[in-house]
Structure formats: structure tokens, C-alpha cells
Amino acid sequence: MNEFIEQFLLEARELTEQATSDLLALEDSPTDKERLDSAFRAFHTLKGSAGIVDFAAMARALHAAEDVLARVRAGKAPITTALIGEALGCLDQVAQWLDQMQVDGEPPAKAEAVADSIVARFAASAAHDAPTPLPTETAWLDDLLVRAEAFSGKVRTAVRYTPASDCFFRGEDPAAVISALPGLVVLDLESNGPLEPLGSLDPFACRLVISALSTAPGEELAQFLRPHGDEIVVRSLIEQADGDGDGAMPATARTLLEAQLGLLAESEEDGRPGRVAAAGRVAANVFHHLRRTADAERIEQSVDAEDLARAIAAIIGGPADREPAPAAASAELVATAQEARVLRVDVERIDGLVKLVGELTVLKNALGHAAGQARDGADATALAATLKDQHARLTRLTAALQQSVLGIRVLPLRHVFQRFSRLVREMAAAGGKSVRLVTEGEATEADKAIVESLFEPLLHMVRNALDHGVEPAHEREAAGKPPTATVRLRGMREGDHVLVDVEDDGRGIDVGRVRRMAAERGVAAPEAISAMSDEEAADLIFAPGFSTASEVTNASGRGVGMDAVRTSIRRLGGTVHLSNRPGLGVRVRVTLPFTVMMTRLMIVEAGGEAFGLPMEAVVETVKVARDRIAPLGAMRAIVLRDRTVPVLDLAEALGEARAAPPSADAILVVVAVEGQLGALEVDRLGERIDVMLKPMDGLLAGMPGVAGTTLLGDGRVLIVLDLAELLR
Amino acid sequence: MSVHLTEDGRIALEGDSGLDDAEPLLLLISANSGASVDWRDCTGAHAAILQILMASRAPLIGPPQNVYLSDVVEPALRRYNERGFPRAV
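**Q** Could you give an account of the packing of helix H18 (residues 455–469) of chain A against helix H23 (residues 563–571) of chain A, naming the residues involved and the relevant values?
**A** Residue and element names in this part refer to chain A. The N-to-C vectors of H18 and H23 enclose an angle of 155 degrees; their axes lie 9 Å apart at closest approach. Comparing their axes, H23 and H18 come out roughly antiparallel. Crossing of H18 over H23 shows left-handed handedness. In contact with Pro457, His460 and Met461 of H18, H23 contributes Val565, Ser568 and Ile569. In terms of residue class, the contact of H18 with H23 is made up of four nonpolar, two polar and no charged.

Next comes the structure, spelled out in C-alpha cells:
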């Protein structure tokens, strides 16, 4: 990709974000002149840069938006929710185009038609904003639709076309144009303002507004009418049944799937069940990664090799069986992970890095010198002292370097918070509720990986607050609350931790109901539930298998409860805490480490393999006589300091064979996970190391029980275990 | 390609009525208020012609020979006349 395009993508993304936040602010305070100017400038600059990279379609779409904003600025049109909606929709489209451009640096091919429909929508809202009273924007459509009944089922599109008033002079005949309109079935004629009195009619000025119903698709009509004027409205009358039409599968994914098919086709009986299971797991992961859940489930449900092979072949054969796009497609679209591809870094931090690199170079030269001395047979003791000294300097330098690099990786929470204003707006509208989003502490910084992984759990919590917490306006008024609910997103730094609160002023959690539902759904034993404090009982909403939604809504629900939130936050090394004030609202506090990258590990050996355990979870290590471990039901347990602690054989739990016969003493690592103690029996304890833990990504992201991987000094890959999942 | 006043006081549109016929048509309609427009022999009508027919709300004698004019345009003109007043758009 050339440098121009890269710069364009970077700038365009920033401008899109700027314009989005301006528009959302404008919606709250339509008189804010500064925000209006800023939004206008952002659109204007975006349009300009689109022109520079020869992306005409994008420039055209943005030009239409800019025109409307210019009219608003000049006081010729009011700022309306519909207008902001259109402008935001335009920005969404721009963001999609940018994503597509990121792939190969070329403007996307199908952009023209999309740009047409954006231009047409703005033209409609321009007509809508015209000074003429009675802006019955859909009156023409309603009239036409009455006629459409005779053609029911065939009519796909309604168009309204306002020819330019001087079109007769240019030799154009709108009547001829419309007679050639593809699929024309019904025509309606209107005038743009009164044509009477006859005496003052200029026969050469076109004042017609022509609307029509057609059996042809909207895109075709837009393309047909485009050369004939700029005021064209195209409305599709049928639900778009065919999803987003993008059935393409990344080449890597296809290759992987084909490899699994090859694996399944092997006839060798030796180890066949294992092969089939592995192929199934890989294929399912591929689909999960591609967010094609239905396909993944189909794979997971396949029972034998033939079944599995058929399922994979059917799916890669074509996208025909894909699940239909959900109704809330626009919200879903925005909800996909959005990683910052570019970081803006303070120059001082870069200077600091340059200095460190300088010191490293000096040390490298010193090491080279020491190596030369060793070759020339220098005194071993003196050499060892030199090397030890240099190792100490290297340790200090790497620590400083790590610190600096981590400092570069920080992102403000704004990055994730800002996406919510838009989503809350849409979700509240969809749920028929009135909700205001307040964000605080957006400038709070945290590691890029944390900030980026926060979006999904936060989205879940916000959805939950909107669906279950926030009451309808009349209920709120009856309770003496303001009709508009407030959802607050708050970021704070506390020592080495970053706190993020999601707070609503809704009805709070009905603890009695939670207890009842939890008992019904067998989340915990009834006795255990009744013994819980209210606080503990409210916390049950995070328990796996619990969901208090009596109806599955579009936004939350879908079988994934708040337990998904707790799991993903835990994966980031954080905790979730809930404060419930019945009748007043709920606050969910997420506590996260400032950085996920540096982790202190204890290396243990089990079944002949080395594994890493996060040091923060390790309470103590003990060596006990094997006979102190007693069977307890199906498990084993040991009494340590008057507490009964379950014992898990790590090798067994990980499916490894025991390497050595059991010795007389057992080595146990006692760990605490969420307040619960557990003991892992291991073969040997190793050293403790600081590592940059690399979270599993891509196809391995869903692997249970594994927190990440790191490289050891001797080049081996160390698997770091997720203790919470292991002990569950 | 012709617009003229008939002996019995109709305004006849014949053939393909183009932009050139707009002004004569407007003059004829203005001068003969209440006259019907007979477009049975019309085979095509420019948008400017339609606009004058709309503005004058002259009674139409039809249907024209051309299928597009008779099945699509004439119903639209009639609906416009029946509405009696221009709708704000």
C-alpha cells in the first residue's frame, strides 16, 4: 500500500471519529455552534482527502452530507434527529469503505451504487427541510402504495425523481426518461409548488416531481436515474432478505478447512477418533473466528467423520446455508471488534526509547568485547565477573525498555467509551426507552489490549442495564424518577488497576426473583441459595446458566448471560463486582490490571511438561506426605491450616500421562481463584519468571484452560494455564 | 407533431407532442378556457406538455393510442386533477 493511502486511512479514521462524536453531541444540544462547525469541517476535510486518493464515490457521498450540514449552518434548515441519523449512517458507510481499503489500498469496487443511495437519502432529507410547510415526506409513498396493491408482491422499489428546472433547455425530457424506467408499473405526477395561475406558467421551466413504482431493484433504478438529475429518492419496499451478500471466506480459513477435509478422508484407522475430534475442533474454531456461529454449531453437532466432512464441505461449498442477518444488523455491525491499528505516541516517549536503544548498543559492544576475551583465553573468574555485571546492566535495561514500551501501548478509555453513545442511542430507540449516556474519566489510560477487549463485556453490561434495569418512562415517573434514565460509564485509575463502572438508575435487581430463578434453573442448591446474603444472591446473575430475561430481546439474551462478562473480564486478569440498590439502580464495577503484558509466572512440571501458573494466584507451595490427601467423594482433598482444600492432579487434569511413579511425598501448589482455594499436585517446582504474556488470538482464542503462551530462555513454548477454568 | 383547435372546440394533440408544442398548447388552453384536450391520436408527450395539462386541469378525452400514455400517464394525470390542489412536496 502506498504511503498516501496509509496516511489517508489514518486521517480519515480520525475524522470519522471526530464527526461521529460531534454529531452525537449535536443531537443532545442542537444549538451548539462549535460542534456543528467541527462536524462540518470534518466532513469537508474527509471529502477533500477522498478526492485526493481518487475515491470519487466516497467524495460524492460526503459531499451530499456536507451540503446538508452547510444548509444547517446557514440557518436554512433545522437540525433534526433524522438528519443526524443520515449523517451517522454516511459515516458508518465511510468506515466500512476504509476497512475495505485497508485490505488492498484500492477503493472498493461496489461503492458507486452505495454512494448513490446515500446521496439520494440526503436529497430526500433536503426536500424534507425545504421551507415549504407540511413536510410530509412519505405522503408520496403512501399514495403510491395504494396503487401498488394491484401489483402486490411484484413491486420492489419506489422512486421519486425531481428533474432540474432547466432540464428542458438541456434537451432532456423527464417524461421520456421515466417511460424507460426499468420495471415501471405505476406513475404519479406532482408539481413542485403550485402551477397555477396558468397565465404565469413558464412552459419551459420544469416544475414536475415524478414518482413511480417499479418491479426492478433499487440499485438498478438509482443507476438508471443518476444521469438525469440530482434529486432522486429510491426506497426499497421489500425487506432485504439476502443479508450482506458477503459470503467470501479468507483464504487462510478456507485452506485450514480443506486441510481438515483431507485429514478426515485419510483411511488409516490408527488414531482415527482423535483425528476426527481434532478436525472438528479446528473447523469449529475457524467458524467462531469468522463469527459464523451457526456454521460453528453445525460442526460441533456433527457426530462422526462422514457427518463432519459433509458439514464442512457444504459450508465451504457456498454461503447458501448461512444464518440470515439479524434484524438489529446495524447495531451488530458496529459491535464487531474494532482494533486501533495505529497509535499516536508522544514524541518524548519515543525519545526515551531512542536513548535506551543507545545504551543497549553500548552493552552489545561490551558483550562482543567479552566474547573476544573468552576466545583469547582470558581468566575465567574475571570473565565471569564481567559477564555478571553485563547481565545486571542488561536486566536493568530490559526492565526500562519494557516499561517504556508498555507506556507506548496505552490507550485512553475514550477509544471504547465513544462507541457507546451511538449504540446506546440505537438500543434505547429499539427498546422504546429514553436513555441518556454519561461518560466520565474517558482520559483514563490502560493497556491497548485491555481497552480493546473491554468493548464486548461493556456492551453486554450496557445492554443488560438497558433491557432489564431501565424501566419504561411511565414506570419511572410513577416511581418519582426523571423519565429519562441515565447510564453512566466511568473510568478511574487506582494504583496498578483501572476501574470501569457501568451504572444505571433503573429498577435495580429483584433479589428475591434472582433467588427463585437461580433455584429453578439449578444454578446452585436451594439451601445454598437461601443461605446467601442479598449481595451474594444478586451476584448469581453472573453464574453460568443464569439469565433473568423472561423474554429474549434482540439486544441481550440469546442464551449468553452475564457469565460471559465475568469470563471475559477474568481472562483479562480482572474482576467484576456488583452493587445493587433495589429501586435505585445497579453498578457493576470492573477492576482490571493496568497492563496485561507483564505477568510473573511460576513454572511447574507435570506429566513431563512445563506449565506456567500466574504468580498472583499462588498462595503457597507445600510438600506433604501422600497419605494426608484423602478421597472426598469423587475428588481428593487435604486439610491445610484447618481448611479443606480440594486437590487436583495437574497432569491428569490436562490429560497428560504421569511421567514418574507417585513418590512418597506430594508437591502441591495452593492457589486462590475468586476466593476459593485449590491445590494442584505437580511433579516439580521450577523457577519464577517475568514474561510478556501473549494472549491467544485468532484460531486459538477459544481454547479453554489456557491463558496464553510465552517463550522460555531455551526457546521452548510455555503454556500458561487459566486456573479459574481449570478449577471450575 | 401537431396541436390545433378543432371545429367543435376541442384542443387536439396529435402524433408525438414535443417541447415545440408546449407554447402553442399553453396559448390555446389559455385562450379557450374550459376546452377539453383530445389526445386520442397522441403517440408521445413531452414532460412540458404534461406539465401544461396538469396546470390547466383541462378535461382529457382519451385514451391515447400509445399504451404507455394510456395505461401509465393518463391515470397519473387523472389522479392529479382529482386531487384538485397541488400537494406540498
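**Q** Can you explain unusual backbone geometry? Please cite residues and give values.
**A** Outside of glycine, negative phi angles account for most residues, and trans bonds account for most peptide bonds. Residue Pro63(B) follows Gly62(B) across a cis peptide bond; omega there is -5 degrees. Positive phi, close to 65 degrees, is recorded for Asp54(A), a residue that is not glycine. Inspection of the secondary structure assignment puts Asp54(A) in the loop between helix H2 (33–52) and helix H3 (56–73).

**Q** I'd like a description of helix H15 (residues 380–408) of chain A, backed by residues and values.
**A** Between its first and last C-alpha atoms H15(A) spans 41 Å; for 29 residues at 1.5 Å apiece the expected length is 42 Å, and the two agree. Every buried residue belonging to H15(A) is among Leu383(A), Gln390(A), Leu397(A), Leu406(A), Gly407(A) and Ile408(A), and all of these are buried.

**Q** Please give an account of the pairing of strand E19 (residues 676–682) of chain A that cites residues and values.
**A** Residue and element names in this part refer to chain A. Of all seven residues in E19, five are buried, a share of seventy percent or more. As paired strands, strand E17 (residues 643–649) and E19 are joined by three bridges and run parallel to one another. Following the sheet pairing, Leu648 is matched in E19 by Leu680. Where strand E18 (residues 665–673) meets E19, seven bridges bridge the pair, whose relative direction is antiparallel. Paired with Val669 across the two strands is Leu680, which belongs to E19. Linking E18 back to E19 in an antiparallel pair, the connection comprises two residues, with Glu674 at a positive phi of about 50 degrees.

**Q** An account of the interface of chain B and chain A is needed here, citing residue identities and associated values.
**A** Across the contact, 29 residues belong to chain B and 37 residues belong to chain A. Note on chain B versus chain A: buried area summed over both sides is about 2,900 Å², and carbon and sulfur give 62% of it. In this structure, Asp188(A) engages Arg79(B) in a salt bridge whose closest nitrogen and oxygen atoms are separated by 3.5 Å. Mapped onto the side of chain B that touches chain A, the elements with two or more residues apiece are helix H1 (22–31), helix H2 (47–56) and helix H3 (67–83) of chain B.

**Q** Tell me about the packing of helix H1 (residues 3–28) of chain A against helix H4 (residues 81–104) of chain A, and please be specific about residues and values.
**A** Pairs of packed helices are described in terms of their axes, by the angle between the two and the distance that separates them. All names here are of chain A. Contact geometry of H1 with H4 gives a least axis separation of 10 Å together with a crossing angle of 160 degrees. Considering their axes alone, H1 and H4 lie roughly antiparallel with respect to each other. In the packing of H1 onto H4, the handedness of the crossing is left-handed. Contacts between H1 and H4 pair Ile5, Phe8, Leu9, Ala12, Arg13, Thr16, Ala19, Thr20, Leu23, Leu24, Leu26 and Glu27 from the former with Thr81, Ile84, Ala87, Leu88, Leu91, Val94, Leu98, Asp99, Met101 and Gln102 from the latter.

**Q** Hey, could you go over the side chain of Glu503(A) for me, with residue numbers and the actual values?
**A** With respect to the element layout, Glu503(A) can be found in strand E9 (residues 497–504). A polar contact is formed between the side chain of Glu503(A) and the side chain of Arg490(A), at a distance of 3.0 Å.

**Q** So, the environment of Arg207(A): which residues are in play, and what are the values?
**A** Counting through the fold element by element, Arg207(A) comes out in the loop between strand E2 (184–191) and strand E3 (208–214). Between the C-alpha atom of Arg207(A) and that of Cys167(A), which follows or precedes it by 40 residues, the distance is 10.0 Å. Residues contacting Arg207(A), with those up to four places away along its chain left out, are Glu190(A), Ser191(A), Asn192(A), Gly193(A), Pro194(A), Leu195(A) and Gln51(B).

**Q** Could you give an account of the pattern of salt bridges, with specific residues and numbers?
**A** Residue and element names in this part refer to chain A. Inspection of every chain in the model, using the stated rule, returns 34 salt bridges over all chains. With a shortest N-O distance of 2.9 Å, Arg490 and Asp501 are connected by a salt bridge. Pair noted here: Arg490 is in strand E8 (residues 485–494) and Asp501 is in strand E9, with a separation of 11 residues, a long-range link. The exposure class assigned to Arg490 is buried, which follows from its relative accessible area of 17%. Arg636 is the salt-bridge partner of Glu681, the closest N and O atoms lying 3.1 Å from each other. With a gap of 45 residues between them, Glu681 in strand E19 and Arg636 in strand E16 (residues 635–640) connect regions that are remote in the sequence. In this structure Glu681 comes out as buried when scored by relative accessible area, which is 2%. Its relative accessible area of 28% is what places Arg636 among the partly exposed residues. Here the residues in one salt-bridge network are Glu440, Arg488, Arg490, Asp501, Glu503 and Arg589, joined through shared partners.

**Q** How would you sum up the sheet that holds E9(A)? Please name residues and give values.
**A** Backbone-to-backbone hydrogen bonds pair the strands of a sheet. The strands run either parallel or antiparallel. Residue and element names in this part refer to chain A. Taken in spatial order, the five strands of this open sheet run E6-E8-E9-E11-E10, and their pairing is mixed. Lying at the two open borders of the sheet, with one neighbouring strand each, are strand E6 (435–440) and strand E10 (575–581). Recorded for the sheet is a direction-independent mean angle of 15 degrees between the axes of neighbouring strands. Pairing geometry for E10 and strand E11 (residues 585–593), over seven bridges, is antiparallel. Note that in E11 the partner of Ser579 across the bridge is Arg587. Strand contacts of helix H16 (residues 414–430): E6, E8 and E9, with the helix running at about 170 degrees to E6, the strand carrying the most contacts.

Cut-offs applied
- Residues numbered from 1 in each chain as written.
- Chains lettered and ligands numbered in written order.
- Predicted model: local features only at pLDDT ≥ 70, side-chain atom pairs only at ≥ 80, totals over all residues.
- Heavy atoms only, no water.
- Axes fitted to C-alpha atoms, helices over the stretch in contact; angles between N-to-C directions.
- Helix = DSSP H or I, 4+ residues; strand = E, 2+ residues; numbered from the N terminus.
- Parallel < 35°, antiparallel > 145°, perpendicular 65-115°, else oblique.
- Left-handed = near helix turned anticlockwise from the far one by under 90°.
- Contact = heavy atoms within 4.5 Å.
- Nonpolar A, V, L, I, M, F, W, Y, C, P; charged D, E, K, R; others polar.
- Expected span 1.5 Å × (residues − 1).
- Buried < 20%, exposed > 50% of the residue type's maximum accessible area, 1.4 Å probe, protein only.
- Pairing = 2+ DSSP bridges.
- Buried area = accessible area lost by both parts, 1.4 Å probe.
- Salt bridge = Lys/Arg side-chain N within 4 Å of Asp/Glu carboxyl O.
- Polar contact = N/O pair within 3.5 Å; in protein donor to acceptor, adjacent residues only side chain to side chain.

This is a description of form; function is not addressed.
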